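Analysis of the macromolecular model
Residue strings, one per chain:
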There are 6 protein chains.
Amino acid sequence: MDATVIMEDAIPFYRPSGNECVLFETAFRQGLPVMLKGPTGCGKTRFVSHMAARLGLSLNTVACHDDLTAADLTGRFLLKGGETQWVDGPLTHSVRQGGICYLDEVVEARKDVTVVLHPLTDDRRLLPLERTGELLEAPDNFMMVISYNPGYQNILKSLKPSTRQRFIGIDFDYPAAEQEVQIICKETGLDRMRCVPLVNLARSIRNLKDLDLEEGASTRLLVYCATLMMAGISPLEAAQATLIEPLSDEESAKEGLLEVVRATFE
Amino acid sequence: MDATVIMEDAIPFYRPSGNECVLFETAFRQGLPVMLKGPTGCGKTRFVSHMAARLGLSLNTVACHDDLTAADLTGRFLLKGGETQWVDGPLTHSVRQGGICYLDEVVEARKDVTVVLHPLTDDRRLLPLERTGELLEAPDNFMMVISYNPGYQNILKSLKPSTRQRFIGIDFDYPAAEQEVQIICKETGLDRMRCVPLVNLARSIRNLKDLDLEEGASTRLLVYCATLMMAGISPLEAAQATLIEPLSDEESAKEGLLEVVRATFE
Amino acid sequence: MDATVIMEDAIPFYRPSGNECVLFETAFRQGLPVMLKGPTGCGKTRFVSHMAARLGLSLNTVACHDDLTAADLTGRFLLKGGETQWVDGPLTHSVRQGGICYLDEVVEARKDVTVVLHPLTDDRRLLPLERTGELLEAPDNFMMVISYNPGYQNILKSLKPSTRQRFIGIDFDYPAAEQEVQIICKETGLDRMRCVPLVNLARSIRNLKDLDLEEGASTRLLVYCATLMMAGISPLEAAQATLIEPLSDEESAKEGLLEVVRATFE
Amino acid sequence: MDATVIMEDAIPFYRPSGNECVLFETAFRQGLPVMLKGPTGCGKTRFVSHMAARLGLSLNTVACHDDLTAADLTGRFLLKGGETQWVDGPLTHSVRQGGICYLDEVVEARKDVTVVLHPLTDDRRLLPLERTGELLEAPDNFMMVISYNPGYQNILKSLKPSTRQRFIGIDFDYPAAEQEVQIICKETGLDRMRCVPLVNLARSIRNLKDLDLEEGASTRLLVYCATLMMAGISPLEAAQATLIEPLSDEESAKEGLLEVVRATFE
Amino acid sequence: MDATVIMEDAIPFYRPSGNECVLFETAFRQGLPVMLKGPTGCGKTRFVSHMAARLGLSLNTVACHDDLTAADLTGRFLLKGGETQWVDGPLTHSVRQGGICYLDEVVEARKDVTVVLHPLTDDRRLLPLERTGELLEAPDNFMMVISYNPGYQNILKSLKPSTRQRFIGIDFDYPAAEQEVQIICKETGLDRMRCVPLVNLARSIRNLKDLDLEEGASTRLLVYCATLMMAGISPLEAAQATLIEPLSDEESAKEGLLEVVRATFE
Amino acid sequence: MDATVIMEDAIPFYRPSGNECVLFETAFRQGLPVMLKGPTGCGKTRFVSHMAARLGLSLNTVACHDDLTAADLTGRFLLKGGETQWVDGPLTHSVRQGGICYLDEVVEARKDVTVVLHPLTDDRRLLPLERTGELLEAPDNFMMVISYNPGYQNILKSLKPSTRQRFIGIDFDYPAAEQEVQIICKETGLDRMRCVPLVNLARSIRNLKDLDLEEGASTRLLVYCATLMMAGISPLEAAQATLIEPLSDEESAKEGLLEVVRATFE
């Protein structure tokens with residue numbers, strides 16, 4: 001893990017919690033695609049930025065959604081000077097130039113998107129462009145990375161085995177307590193003494209089973225809370241705006257959260 | 001709260017009911033996006049106009065709906081002189097120029113809209129334009145604001161945690177009684193003596209549980225009612241047109257409302 | 001109500017049944033939008049034509065339907081001479097020119113239509129054209145009017161409170177008996193003696209609960225019936241073609257209606 | 001009914017079974033739209049052709065279907081010489097030129113189609129073309145006619161009361177026995193002696209309740225059967241091809257029909 | 001039936017099993033449209049090719065599917081040299097040139113397809129092209145033929161009575177045993193001794209009720225099996241590849257089929 | 001089977017497990033289309049590459065998905081120099097040039113795709129291009145191959161009998177143990193001693209019935225695991241990333257898999 005300790009400024013800060021950096025680098029060296037799994041705001045996107053910088057690779061991120069189609073990734077014909085002209089999409093661009101192509105929340109995309117990844121993620125490493133008739137071979141420094149949140153998956157929105165079984169899987173979770181305290185200190189400048197209760201509060205919220213929250217408080221929300229506190233907002237008001245309102249709309253759940261917040265700060 | 005009392009004419013009138021102005025300003029100074037939650041017609045849109053004027057920011061409002069797509073926000077190619085030419089959408093325009101981009105009733109928009117906000121609402125503050133290949137960095141004076149009505153949300157139409165957890169949340173409700181009286185006086189010129197029973201009437205309607213109303217009478221409807229009264233319509237007729245017909249189509253509910261109205265004015 | 005009695009030929013005939021003319025005119029003078037509710041063929045459209053003429057306003061009517069989108073109202077780009085050129089839709093046209101824009105059966109329209117009305121129906125009275133980047137301010141003589149039939153509404157097709165609460169509501173019903181007799185006399189020239197039993201027949205049909213009719217006979221159908229009678233068709237045949245066939249396809253319901261018709265004319 | 005007896009060759013043959021010709025002509029003279037209801041192949045389309053010829057009107061028939069939109073009726077912009085040019089649809093064409101516009105099986109069309117008919121079918125008789133901004137007034141010799149089969153109607157596909165109540169309704173059924181014999185004789189040349197059992201057979205089939213047929217044998221199928229018999233096919237084979245196979249795919253229903261056919265011809 | 005025995009080489013081989021050739025020819029001579037019903041691979045398509053050749057008619061086959069629209073059949077406007085130019089679809093082409101237009105598996109097509117056939121399949125024999133304003137009259141040698149498999153039909157995918165009752169119906173089934181042996185001998189060259197057990201095997205499979213097969217083995221699959229056997233594949237292997245795998249994916253059903261196959265060849 | 005043992009370098013490695021090579025070659029020689037059935041990652045795609053190389057045929061692979069339409073396969077008109085120009089899709093290209101056209105996971109494609117294959121997969125071997133009016137005849141060296149995974153099929157996504165019965169079927173499964181060991185050795189260079197437990201592990205996972213896995217570990221995942229091990233990752237970590245995370249998101253299933261993995265490597 002040494003490599004991750006000595007970090008230059010240009011490399012986005014990331015604190016590893018296991019073997020994820022080694023696994024990712026090995027996958028890259030062996031030409032294998034990687035799939036990241038984990039909850040909202042636990043650091044998957046930051047991890048990819050970090051690894052791209054460490055490996056000296058450009059990074060092309062695509063936030064996937066219900067309407068993202070294969071053509072949005074591969075490219076399309078546009079009218080220029082009365083002629084249709086092909087314009088590469090972000091995936092095609094990555095395959096031509098090398099670097100990491102990162103599809104964030106890939107299960108949200110339309111089904112044709114995952115299928116377009118198939119020839120790129122087996123030993124052929126090819127991207128066929130049906131519309132132009134080209135067959136692109138990915139260079140050695142091209143890497144395919146996808147992520148999703150297993151907590152959201154349902155029958156309609158899930159990866160088929162034929163897609164999943166083309167990726168090395170790395171599982172993410174919220175950082176350990178001490179690690180999370182350090183992240184918040186570093187990101188916001190709030191002193192350690194005030195960060196510790198914040199992290200404890202987040203851990204309590206994540207363990208609340210009764211309130212039926214869709215998901216626990218993310219590290220990102222802790223950073224927001226600490227930012228507001230650094231700007232002079234009282235801890236209670238900051239927590240209400242960042243650890244209660246973003247987590248639920250239910251009156252009863254919000255009261256339950258308020259109790260936990262009060263128990264921490266009053 | 002002093003700043004909100006001394007208001008110049010150019011700043012739209014808004015009467016704060018809590019710490020919302022301070023929170024909003026802090027969020028703006030720290031580059032954090034904000035999400036406003038609350039019922040119909042309680043003043044969310046007015047609040048944003050007010051804050052935009054106070055902070056000297058331009059305001060770009062987009063009313064979201066079922067068919068609003070990411071392309072409507074970011075822009076699209078149009079044919080000009082036989083060539084396709086990129087035309088910025090309101091979000092891209094805001095990111096280029098700075099100012100507040102306000103998505104009203106964001107849960108109504110299509111899912112790709114919320115995803116396009118993701119890179120803009122984490123620490124990167126970037127807007128990638130996949131179709132042109134540009135990667136815009138939001139200037140310091142850009143602020144993302146969204147709103148929605150938690151009362152409407154259902155399973156199909158709700159914000160995913162991965163979106164919610166990118167925003168500071170501020171909860172709105174109908175104004176307190178005295179505050180609402182002042183708002184109606186100021187907006188319509190109706191004298192205080194006639195405003196007080198109107199506000200009491202609205203508070204009674206909001207507390208009616210038996211009539212199964214979708215939502216209580218908004219401050220806006222009280223302003224409408226007072227406007228009709230100022231123009232010479234009798235209180236009963238004005239209330240029928242503004243506090244009964246807009247609230248329900250059910251005969252029984254309308255009779256129940258009429259009873260409450262009569263108890264106030266007869 | 002005097003003004004409605006003295007009517008010039010140019011003003012479409014309308015016989016008020018309550019305070020609707022005063023309310024409508026007051027709403028127009030105060031810049032408030034109006035929503036008309038009531039059953040099929042009871043005179044809502046005629047009322048709007050009448051008021052438009054009385055107030056000296058042009059009238060732009062849009063019949064809403066399942067496929068009506070915001071772009072149909074606001075406008076779209078069309079190809080002209082190799083360039084895309086913006087062409088105003090009826091709503092934009094009305095906002096630019098002033099006058100009444102009347103959306104008939106607004107609940108039938110797609111959801112984006114109602115949202116496009118929001119900034120036009122609060123105190124801002126603005127129409128933002130996202131595609132051209134324009135922000136139109138409605139002139140003082142612009143008025144927004146919508147109508148719908150509450151009897152049709154269901155969960156999928158109804159106005160959201162956030163839309164409803166932007167309008168003054170006026171409730172319509174079939175005219176009173178004497179009033180309806182006068183309308184039919186005036187519209188068709190049929191003598192009063194023959195109009196009275198027709199109106200009584202319609203009132204009986206409207207009160208039939210057992211036949212499970214979707215809606216009662218409208219004033220329009222009575223006018224049709226009287227028109228056929230004036231042209232020499234026997235009352236029974238005329239009633240069959242206008243008060244039975246248009247009301248139901250069910251054999252049993254049609255027999256029930258025929259009984260009522262026979263009881264009147266035989 | 002005399003007028004229908006003296007018919008020139010140019011007028012398509014139609015044998016009236018009630019007051020339908022008089023009603024239709026009266027509706028035309030009074031400018032009222034007409035709606036024809038009745039089962040498959042009972043002569044509705046032939047009736048309209050007949051009346052159009054009798055009244056000296058051109059006839060524009062549109063067969064409605066699931067994908068028929070208002071734009072298919074009113075017209076659309078097409079690219080010509082680099083410019084978009086408006087091309088009238090059949091409804092607009094009829095309104096400009098006069099004559100009958102006949103929408104066959106109107107309940108099949110998309111909902112925007114019926115709404116586009118509304119201003120044409122009340123006293124305004126207007127066709128607004130939103131896309132071109134034109135407002136066409138129908139000439140006196142324009143007549144709107146629609147038809148549908150009440151037997152098919154379901155909740156998703158039915159005319160709303162606000163549409164139905166704009167039309168005079170005429171109900172059709174299979175012709176009476178003697179009348180149907182004459183129709184088949186005249187259409188096919190088969191002698192009366194052989195037509196009579198055919199019509200009796202059809203009447204038996206129409207009365208079969210047990211076989212769960214979607215609809216009985218139409219007059220058209222009888223004409224087909226007689227045509228095959230005239231061409232030398234045996235009655236049994238002809239009936240199998242025209243009165244059994246077109247009516248059902250169910251083995252048991254087909255056997256039931258075969259029994260009835262055999263009882264007639266063997 | 002003599003005509004079908006003397007066949008030139010240019011006429012595709014077809015062995016009639018009843019009066020289908022006479023019926024088809026009579027329908028053609030009388031200008032009546034024909035509908036063929038029957039299971040997969042029983043020879044409907046071959047029959048149409050055979051009759052087209054016999055009657056000296058060109059044949060235009062359209063395989064129908066979920067996305068086939070009326071415009072695919074009638075034609076559409078395409079851009080040529082900056083202008084939109086009408087290009088005939090296969091149905092329009094057939095109507096202009098004459099010959100048979102054959103819509104295979106017509107129930108799969110979208111609903112607007114069947115409606116476009118209506119004016120072509122009653123006594124008018126017209127094809128109105130709404131988009132160009134043309135009204136084509138079918139020449140005497142034009143014939144409309146449709147086919148479908150009644151076994152597939154469900155409520156969503158079936159022909160409406162108003163469509164069915166416009167066609168003469170001919171019912172097809174698998175050929176009789178001796179006839180099927182002759183077909184396989186002729187098509188593949190496999191000697192009669194080896195064809196007989198194949199046909200017996202197919203007949204056993206078609207009678208299997210327990211295995212819940214969607215459909216029995218078609219004549220086409222027997223021809224495939226015989227072809228593999230002629231090329232040296234063992235009967236068991238050939239039957240597995242042609243009479244088991246194509247019929248089911250269920251392990252238990254495949255074992256049941258294997259038993260029957262083994263009983264035949266071992 | 002000898003031919004498959006002597007393989008040149010240019011021919012992709014494939015180890016046959018039955019008569020699949022002979023059957024495939026016979027089908028090719030006889031002009032019959034082939035359908036491959038089997039689970040994810042068992043070697044279907046590799047088999048097709050292998051056979052294409054052995055038979056000296058070019059290979060055109062199309063990964064099918066929910067949005068793949070017939071037009072994506074056959075071709076479409078594109079604007080070039082102001083004119084629409086036809087551009088062949090991969091299927092049309094294959095039919096013109098000869099070679100194998102391979103539709104991977106064909107059940108995923110839209111229904112019009114399978115229908116476009118019908119005239120290509122009976123004795124006519126024709127590809128009609130409705131949009132251009134061409135009728136292409138497939139050359140002798142054209143071969144149609146499709147594949148799907150029977151484990152995924154459901155009612156909405158399955159091949160209709162009329163499609164299935166046009167193909168010779170070949171069933172695939174995971175390789176036998178010894179064969180799979182050899183594949184992994186050859187593909188990754190990992191020594192046989194370390195490959196054997198990996199294959200045993202995979203076979204145990206495939207037999208786990210309790211964990212409710214969608215599909216067992218594929219040969220591809222074993223190759224991934226061996227690759228990571230060759231690169232120095234510990235067997236436990238490699239197995240976690242390749243044989244646990246890609247197979248499930250369920251905590252309990254992952255623990256069950258971890259137990260099996262631990263039993264193998266600890």
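Given the structure is predicted, the values throughout are model-derived calculations rather than measurements.

Time to look at the domain arrangement of chain A. Residue and element names in this part refer to chain A. Segmentation of chain A into domains returns domain 1 (8-171) and domain 2 (177-265). Between the C-alpha centres of domain 1 and domain 2 there is a distance of 32 Å. Each partner contributes to the interface: domain 1 provides 10 residues, whereas domain 2 provides nine residues. The contact between domain 1 and domain 2 buries some 810 Å² in all, and 48% of this surface belongs to carbon and sulfur atoms.

Looking now at the interface of chain D and chain C. In this assembly, 39 residues from chain D lie in contact with 44 residues from chain C. In total, chain D and chain C occlude about 3500 Å² of area from one another, counting both sides; carbon and sulfur atoms represent 52% of this. The largest share of the area that chain D buries against chain C comes from Glu 130, Pro 161 and Gln 165 of chain D, three residues that together contribute 19% of it. For the pair chain D and chain C, the interface holds seven salt bridges. The residue Asp 249 of chain C makes a salt bridge to Arg 164 of chain D at a minimum N-O spacing of 3.2 Å.

Take the pairing of strand β1 (residues 34-37) of chain F next. Residue and element names in this part refer to chain F. Going residue by residue along β1, you find Val 34 and Leu 36 tucked away on one face and Met 35 and Lys 37 tucked away on the opposite face as well. With four bridges connecting them, β1 and strand β8 (residues 142-148) associate as parallel partners. Across the sheet, residue Lys 37 finds its bridge partner in β8, namely Tyr 148. Judged from the four bridges that link them, β1 and strand β9 (residues 168-171) form a sheet pairing that is parallel. Of the residues in β9, the one forming a bridge with Met 35 is Gly 169.

Another aspect to go through is the environment of Ala 176 of chain A. All names here are of chain A. Along the polypeptide, Ala 176 turns up in the loop between β9 (168-171) and α8 (177-188). Ala 176 sits in the partly exposed class, given a relative accessible area of 46%. In this structure the C-alpha to C-alpha distance between Ala 176 and Ser 17, which are 159 residues apart in sequence, comes to 7.6 Å.

Attention shifts here to the relation of the copies chain D and chain C. When chain D is brought onto chain C, the operation consists of a screw motion whose angular component is 60° and whose axial shift is 0.0 Å, with 0.1 Å RMSD remaining. When the rotation and shift are considered jointly, the pair of chain copies conforms to a six-fold rotation axis. In this assembly, only 5% of the residues forming the interface of chain D have copies in chain C that are likewise at the interface, indicating a heterologous arrangement.

This part takes up the relation of the copies chain B and chain C. Between chain B and chain C, the superposition needs a rotation of 60° and an axial shift of 0.1 Å, giving an RMSD of 0.0 Å. An overlap of only 5% is found between the interface residues of chain B and their copies at the interface of chain C, pointing to separate contact surfaces.

All names here are of chain D. Where strand β6 (residues 126-129) and strand β7 (residues 134-137) come together, four bridges link them in antiparallel fashion. Within β7, the position partnered with Leu 129 by the bridge is Glu 134. The turn joining β6 and β7, which pair antiparallel and follow one another in sequence, is formed by four residues; a positive phi near 80° is taken by Gly 133.

Let's shift gears to the interface of chain B and chain C. The interface of chain B with chain C comprises 43 residues on the first partner and 39 residues on the second. Both faces combined, the contact of chain B with chain C buries some 3500 Å², and carbon together with sulfur accounts for 52% of it. Where chain B packs against chain C, one counts seven salt bridges. A salt bridge links Asp 171 of chain C to Lys 254 of chain B; its shortest N-O distance comes to 3.1 Å. At the junction of chain B with chain C, the criterion picks out 17 residue pairs in polar contact (both at pLDDT 80 or more). Of all the secondary structure elements, the ones that give two or more residues to the side of chain B that touches chain C are α2 (44-54), β2 (59-63), β3 (75-80), α9 (219-230) and α10 (235-244) of chain B.

About the thresholds
- Residues numbered from 1 in each chain as written.
- Chains lettered and ligands numbered in written order.
- Predicted model: local features only at pLDDT ≥ 70, side-chain atom pairs only at ≥ 80, totals over all residues.
- Heavy atoms only, no water.
- Domains from an automatic or database assignment.
- Contact = heavy atoms within 4.5 Å.
- Buried area = accessible area lost by both parts, 1.4 Å probe.
- Salt bridge = Lys/Arg side-chain N within 4 Å of Asp/Glu carboxyl O.
- Buried < 20%, exposed > 50% of the residue type's maximum accessible area, 1.4 Å probe, protein only.
- Helix = DSSP H or I, 4+ residues; strand = E, 2+ residues; numbered from the N terminus.
- Pairing = 2+ DSSP bridges.
- Least-squares fit on C-alpha atoms with pLDDT ≥ 70 in both.
- Polar contact = N/O pair within 3.5 Å; in protein donor to acceptor, adjacent residues only side chain to side chain.

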